[in-house]
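Each chain, written out:
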Amino acid sequence: MDEHDMDWELAACRDHDPELFFPLTETGPGSAQVRAAKAICGGCPLQRGCLQWAMDTGQEAGVWGGTSEEDRRAMRRAARVGTAA
């Protein structure tokens, strides 16, 4: 199944407040929010496809597929370094 054709009805996040997945910051009080969102993602059957979708579509804000904004920035940097070698 292609990540763009996933059955999002199976997503673990669908029964949670969407604001949980979009903290204002990843530090201070926002760090607990990021941890809570990542924990929900950790038990999601769509986690891998969700992360791929976020990377493919350039999602910069929020927690997607168990990764924070900073996590995905680091992944993109690592991918650029890997392709430059």
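Residues numbered from 1 in each chain as written. Predicted model: local features only at pLDDT ≥ 70, side-chain atom pairs only at ≥ 80, totals over all residues. Heavy atoms only, no water.

What about the overall build of the protein?
Point 1. Within the protein one finds three helices and zero strands.
Point 2. Listing the helices and strands of the protein from first to last along the sequence gives α-α-α.
Point 3. The C-alpha atoms of the protein give 13 Å as radius of gyration, which agrees with the globular expectation for 85 residues (12 Å, within 12%).
Point 4. Viewed in the frame of its principal axes, the protein has a C-alpha envelope of about 40 × 35 × 20 Å.
Point 5. Per-residue burial over the protein gives 28% buried out of 85 residues. (Helix = DSSP H or I, 4+ residues; strand = E, 2+ residues; numbered from the N terminus. Rg over C-alpha atoms; globule rule 2.2 N^0.38 Å. Buried < 20%, exposed > 50% of the residue type's maximum accessible area, 1.4 Å probe, protein only.)

Quick notes on the state of the cysteines
Point 1. Counted under the stated rule, the structure contains zero disulfides.
Point 2. Sulfur of Cys13: no disulfide; nearest cysteine sulfur belongs to Cys44 and is 6.1 Å away.
Point 3. Owing to a relative accessible area of 32%, Cys13 belongs among the partly exposed residues under this scheme.
Point 4. The thiol sulfur of Cys41 is not disulfide-bonded, and the nearest other cysteine sulfur, from Cys50, lies at 6.2 Å. (Disulfide = S-S within 2.5 Å.)

Regarding the UniProt feature "domain: 4Fe-4S Wbl-type" (unreviewed entry) in the protein
Point 1. The UniProt entry lists residues 12–74 under the feature "domain: 4Fe-4S Wbl-type" (unreviewed entry), expressed in the numbering used here.
Point 2. Between the first and last C-alpha atoms of residues 12–74 the distance is 25 Å; the span itself is 48% helix and 0% strand. (UniProt positions renumbered as here; feature names shortened; annotations may be inferred.)

A few points about the layout of surface pockets
Point 1. Taken as a whole, the largest pocket holds about 240 Å³ of empty space.
Point 2. Lining the largest pocket are 16 residues; nearest its centre among them are Cys13, Phe21, Cys50, Val63 and Trp64. (1 Å grid on protein atoms, 1.4 Å probe; cavity = no way out; pocket = protein on both sides within 12 Å on 5 of 7 lines; lining within 4 Å. Points joined across faces, edges and corners; volume = space filled by probe spheres on them.)

Concerning helix H2 (residues 47–56)
Point 1. Of the residues making up H2, those classed as buried are Gly49, Cys50, Leu51 and Ala54.
Point 2. One or two steps after H2, the chain reaches Gly58, where phi turns positive at roughly 70°.

Side note on the environment of Thr27
Point 1. Relative to the assigned elements, Thr27 resides in the segment before helix H1 (29–42).
Point 2. For Thr27 and His16, which are eleven residues apart along the polypeptide, the C-alpha to C-alpha distance reads 21 Å.
Point 3. Within the structure, the side chain of Thr27 is placed 3.0 Å from the side chain of Thr25, a separation counted as a polar contact. (Polar contact = N/O pair within 3.5 Å; in protein donor to acceptor, adjacent residues only side chain to side chain.)

Brief notes about the UniProt feature "binding site: [4Fe-4S] cluster" (unreviewed entry) in the protein
Point 1. Taken from the UniProt record, the annotation "binding site: [4Fe-4S] cluster" (unreviewed entry) applies to Cys13, Cys41, Cys44 and Cys50. Of the residues just listed, which span 38 residues, no C-alpha pair is farther apart than 10.8 Å, and they cluster in one region. Residues from the annotated list that form part of the lining of the largest pocket: Cys13, Cys41, Cys44 and Cys50.
Point 2. Within the secondary structure layout, Cys13 lies in the segment before H1.
Point 3. The contact partners of Cys13, leaving out residues within four places of it in the chain, are Phe21 and Ile40.
Point 4. For Cys50, a relative accessible area of 11% corresponds to the buried category.
Point 5. Apart from the residues lying within four places of it in its own chain, the contact partners of Cys50 are Met6, Trp8, Trp64 and Gly65. (Contact = heavy atoms within 4.5 Å.)

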